[in-house]
Every structure is written in structure tokens, then in C-alpha cells.
Amino acid sequence: DAGVTQSPTHLIKTRGQHVTLRCSPISGHKSVSWYQQVLGQGPQFIFQYYEKEERGRGNFPDRFSARQFPNYSSELNVNALLLGDSALYLCASSLLGTGIAYEQYFGPGTRLTVT
Amino acid sequence: AQSVTQLDSQVPVFEEAPVELRCNYSSSVSVYLFWYVQYPNQGLQLLLKYLSGSTLVKGINGFEAEFNKSQTSFHLRKPSVHISDTAEYFCAVSETGANNLFFGTGTRLTVIP
């Protein structure tokens, strides 16, 4: 079975632009979480979605938004890009919607570079 | 709120030598604890996790970790490392029943031939 897939693998954007990152969870999984990993740091939680509803949000500005589609795939959108948004964006999928921290499967990530 | 401290940012070790990567956490509630490995240009792979029960947890690739509640630690150990163990290792914590993980800043393990 395919694991979590993310696209694109790499992306270069200019400050002020908008970006959309995509994630497809493991088949049968209904929850998707997004994490940001800045170079040299550990991942930080951005969002969790379950059954198309936001179930959790980390300490990120409103420039960050996400949504989940009926097929459980998800998009992460970032507006008005800043240099500090350069990072590896990780998607994690889980079967359930609550208490999922103990069972998350991570994708390979999308490397975003903002110039 | 939880926090995780990985005291060693880099750990060099010779091949076939033992290694310990240290992790301390802070939380006012009961927690789950995790170790993840990240190989270059890849995502995170779960090595092992502590949810409850025995404080000694065995994971993949010969790694193990011990949960010490009194010292709020969850150190990762391997008795004999291989070149292929060279990677970034992240300790993470979550509240029991929570939906998200809090990660440490990582420890880069470099195995020297």
C-alpha cells in the first residue's frame, strides 16, 4: 500500500507570493496533520483536519490555512510568503480523528524555499 | 504545555560503538513519548514509542529507550551502531489523548567508520 504522499517535492517561491502544498493520506485514513520543520529545528504542529473539519491549530499566523477534501486529501495554503516560511512541510495521516498523536504516519515532505 | 529538550545537537560515534541520545521532557500531565529518525531529504520514521506499561521500549533497527518518570527522561540507546544509523533523531512528546506532537530540536548522529 502507498504511504503518505506529498506534492510537490520541492518548490521555490518569491516573497509575497502564495503557495499550495498537497497531501494524500494513507488509504483508509481520515485525519491529516501538517507540520513545519525549519532547518535545524524539530517539526512544529500547524493544523489537524478530520472529516473535513479543523480539529487543531498550532501557533501560526492567519496567513496559513488548510482544508480537507471528501477523499481525505488535504491542501496547506500560505499567503504573503516571508523568507521565514522556508522550511520542510510535513504531512502526517492517522486513521482516527482524536487522540491520534500516538499513531501518525509522516510523508516525505515538501521543501519550500522562499527567495 | 509540553516541551522537549535534546541536550546534544551532534553526537559523533565510531562504528560498532554504543550510543545514547538524551531526551528530557516537561509536562504537567501524563504523556506519550516518541523517538523519530529522519534520514537526509526524507520524512520522519517512527523508531519507537512509550504509551504505558514497561518503561523499557524496544524499537526498530536495534534501538531501545527507557522512560524515567522521576527524571522526566526518555533516552535512546543502541549497543552497536552502524554507518546506516547516521541520521537526525527527534524526541517527541504528546499529552495522552492529544492530537499533536511536540518535538525537540533534534540530535544529529554521525557514525564514523
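In this text the structure is predicted, and so the values were computed from the model without any measurement.

Participant: What is the right way to look at the overall build of chain B in this model?
Facilitator: The helix and strand tally for chain B stands at zero helices and twelve strands. Its helices and strands taken in sequence order, chain B reads β-β-β-β-β-β-β-β-β-β-β-β from the N to the C terminus. Taken against the 2.2 N^0.38 rule, which gives 13 Å for 113 residues, the C-alpha radius of gyration of chain B at 13 Å falls within 12% of a compact globule. In chain B, once contacts between residues fewer than 6 apart in sequence are set aside, the share between residues at least 24 apart is 56%. Here chain B has roughly 5400 Å² of accessible surface; of this, 50% comes from carbon and sulfur atoms. Computing the positive centroid from 7 side-chain charges and the negative centroid from 9, chain B places the two 5 Å apart.

Participant: In this structure, what is going on with the interface of chain B and chain A? I would like to understand it.
Facilitator: You'll often see interface size given as the accessible area lost when the parts meet. Across the contact, 19 residues belong to chain B and 22 residues belong to chain A. Approximately 1500 Å² of surface area, both sides summed, lies buried where chain B meets chain A, with 54% of it carried by carbon and sulfur atoms. On inspection of chain B and its partner chain A, the count reaches zero salt bridges. The interface formed by chain B and chain A holds four residue pairs in polar contact (both at pLDDT 80 or more) in total. Looking at the side of chain B that touches chain A, the element that brings in the most residues is strand β5 (residues 31–38) of chain B, giving four residues. Split by residue class, the side of chain B that touches chain A holds nine nonpolar, nine polar and one charged.

Participant: Please explain the environment of Thr86 of chain B as it appears in this structure.
Facilitator: All names here are of chain B. Tracing the chain through its elements places Thr86 in the loop between β9 (73–78) and β10 (87–95). Classification of Thr86 by relative accessible area gives partly exposed; the value is 29%. Sequence-wise, Thr86 and Leu48 are 38 residues apart; in three dimensions their C-alpha atoms are separated by 17 Å. Leaving out residues up to four positions away in the same chain, Thr86 has contacts with Tyr39, Leu109, Thr110 and Val111.

Participant: Before we go on, may I ask you to explain the packing of aromatic side chains in this structure?
Facilitator: Centre distance and the angle of the planes are the two values used to describe a pair of aromatic rings. In this structure the tally under the stated criterion is 13 aromatic pairs over all chains. Ring centres of Phe90 of chain B and Phe103 of chain B lie 6.4 Å apart, and the angle between their planes is 85 degrees; this geometry places the pair in the edge-to-face category. Pair noted here: Phe90 of chain B is in strand β10 and Phe103 of chain B is in strand β11 (residues 102–103), with a separation of 13 residues, a long-range link. Like Phe103 of chain B, Phe90 of chain B is buried. An aromatic cluster is present here, built from Tyr35, Phe45 and Phe106 of chain A together with Phe34, Tyr36, Phe90 and Phe103 of chain B joined pairwise through their rings.

Rules of the game
Residues numbered from 1 in each chain as written. Chains lettered and ligands numbered in written order. Predicted model: local features only at pLDDT ≥ 70, side-chain atom pairs only at ≥ 80, totals over all residues. Heavy atoms only, no water. Helix = DSSP H or I, 4+ residues; strand = E, 2+ residues; numbered from the N terminus. Rg over C-alpha atoms; globule rule 2.2 N^0.38 Å. Contact = heavy atoms within 4.5 Å. Areas by Shrake-Rupley, 256 points an atom, 1.4 Å probe, with all protein chains shown as cover. Lys, Arg positive; Asp, Glu negative; His and termini not counted. Charge placed at Lys NZ, Arg CZ, Asp CG, Glu CD. Buried area = accessible area lost by both parts, 1.4 Å probe. Salt bridge = Lys/Arg side-chain N within 4 Å of Asp/Glu carboxyl O. Polar contact = N/O pair within 3.5 Å; in protein donor to acceptor, adjacent residues only side chain to side chain. Nonpolar A, V, L, I, M, F, W, Y, C, P; charged D, E, K, R; others polar. Buried < 20%, exposed > 50% of the residue type's maximum accessible area, 1.4 Å probe, protein only. Phe/Tyr/Trp six-rings, centres within 6.5 Å; stacked < 30°, edge-to-face > 60°.

Just geometry here; none of it tells us what the structure is for.
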